[in-house]
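Chain by chain, the residues:
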Amino acid sequence: MAPDVEAVFSGLPPRQFDRTACALCDYERPPIDGLRALFRYQSPVDAWIPQLKFHGGLATARLLGELFVARAKTLQWPMPDRILPLPLHTTRLGERGFEQPLELARPLARGLGLPLDGESLRRVRQTRRQSEMDMEQRQSNLEWAFSASFATIKGNLPSFVAIIDDVFTTGATVGEAALAVRAAGVPRVEAWVMAVTE
């Protein structure tokens, strides 16, 4: 029997963050302006994501990307100037052989007609695996792990970017990446993820 995919669509409105409701409230300003998630992280999606990350399931990346495109078009989400896949450190890339956020971002860029920018955001420091830590450890583990520098188009920086990742758990990783993007001069940053934990 095929999984009931519609049943696991997040169905959540895009989240806007404030200091009273955001798990990332240690920051003076919440690092992301919104979170758009395709699914809740539950069955069958909780099997699809590990298949992609740890078993090279690139067909899963294409499927998730195409489903995300359909959802974004149906809900008429505002479109960013660029999409940025959350980068892996070169050491982790060497172990895995591919970057799952980049593989997720490719069908998004194609399907939504958006520029895919895989150069402006870099992971400059290797960190421990986030899945092995609690929330406080996750945040300190990622300090200064990212750097961003944007080439201008017609003299202008992007005004709105979306950072693409697979799963949003505490938000520590994408939050730290967003801080680097903001430091490079981009005023609006959203996280676009395939799944969000409760």
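Residues numbered from 1 in each chain as written. Predicted model: local features only at pLDDT ≥ 70, side-chain atom pairs only at ≥ 80, totals over all residues. Heavy atoms only, no water.

Chemist: How would you explain the pairing of strand E1 (residues 34-40) if you had to name every residue and give the values?
Modeler: Most of E1 sits out of view: 6 of its 7 residues are buried. In terms of strand pairing, E1 meets strand E6 (residues 188-196) through 6 bridges, oriented parallel. Residue pairing across strands places Arg-36 opposite Trp-192, the latter belonging to E6. (Buried < 20%, exposed > 50% of the residue type's maximum accessible area, 1.4 Å probe, protein only. Helix = DSSP H or I, 4+ residues; strand = E, 2+ residues; numbered from the N terminus. Pairing = 2+ DSSP bridges.)

Chemist: Summarise the sheet that holds strand E2 (residues 82-85); cite the residues concerned and give the values.
Modeler: Taken in spatial order, the 4 strands of this open sheet run E1-E6-E5-E2, and their pairing is parallel. Strands with a single pairing partner mark the edges of an open sheet, and in this sheet they are E1 and E2. Sheet twist, expressed as the average angle between the axes of neighbouring strands with direction ignored, equals 25°. Sheet topology note: the strand E5 (residues 160-168)/E6 ladder contains 8 bridges and is parallel. From the neighbouring strand, Ala-162 faces E6, where its bridge partner is Glu-190. Docked against the sheet, helix H4 (residues 100-112) engages E2, E5 and E6, running at close to 130° with respect to E5. (Axes fitted to C-alpha atoms, helices over the stretch in contact; angles between N-to-C directions. Contact = heavy atoms within 4.5 Å.)

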